Amino acid sequence: MEKAKHSIQFEAEVDKDGKISFSKPVFDLELKAGEKVTVNIFGGVMSKQLTKLNVTEAEIEQIGKTQLEDRQHVMTFLASQGTLSKNKSFAERMKRAFA
């Protein structure tokens, strides 16, 4: 028998009245009626690039708290991973500079 999940992550939408509509049901948590849950809300959504890198919201939050950076700066930094190494002229200049 499969164990109940402890947490799930999904996107939600805020309507004009400020109410949140969930994109999928939370039945996977196997909660009973009346049980309490903790909800964290992050503005924006995770980019496809960060999803491919298996970056989690918890990691973004932890980096942001440690570096005193807002969520968007952390996401931009993580998404740029390896960008300069793909630029051959930049990589060559760095090799010469630090050789």
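Now for a quick tour of the structure. Small disclaimer: the values here were computed from a predicted structure and weren't measured.

### Looking at the environment of Ala12
In this structure, Ala12 sits in strand β1 (residues 12-14). Distance from Ala12 to Ile41, taken between C-alpha atoms, is 9.3 Å for residues 29 residues apart in sequence.

### Some thoughts on helix α3 (residues 71-79)
Those residues of α3 not exposed but buried are Arg71, Val74, Met75, Leu78 and Ala79. On an axial view of α3, the arc spanned by its buried residues comes to 130°, and they lie on one face. In this structure, the buried residues of α3 make contact with α1 (48-52) and α2 (57-67). Two or three places before Gln72, at the opening of α3, Asp70 has a side-chain oxygen 3.2 Å from that residue's backbone nitrogen.

### Observations concerning the packing of α2 against α3
Helix packing for two helices is described by the angle between their axes and how far apart those axes are. The N-to-C vectors of α2 and α3 enclose an angle of 110°; their axes lie 9 Å apart at closest approach. Considering the angle they form, α2 stands roughly perpendicular to α3. Crossing of α2 over α3 shows right-handed handedness. Facing α2, whose interface residues are Glu57, Ile60, Ile63 and Gly64, α3 presents Arg71, Val74, Met75 and Leu78. Within the contact of α2 with α3, the residues separate by chemical class into 5 nonpolar, 1 polar and 2 charged.

Definitions and limits used
Residues numbered from 1 in each chain as written. Predicted model: local features only at pLDDT ≥ 70, side-chain atom pairs only at ≥ 80, totals over all residues. Heavy atoms only, no water. Helix = DSSP H or I, 4+ residues; strand = E, 2+ residues; numbered from the N terminus. Buried < 20%, exposed > 50% of the residue type's maximum accessible area, 1.4 Å probe, protein only. Arc of directions from axis to C-beta. Contact = heavy atoms within 4.5 Å. Polar contact = N/O pair within 3.5 Å; in protein donor to acceptor, adjacent residues only side chain to side chain. Axes fitted to C-alpha atoms, helices over the stretch in contact; angles between N-to-C directions. Parallel < 35°, antiparallel > 145°, perpendicular 65-115°, else oblique. Left-handed = near helix turned anticlockwise from the far one by under 90°. Nonpolar A, V, L, I, M, F, W, Y, C, P; charged D, E, K, R; others polar.

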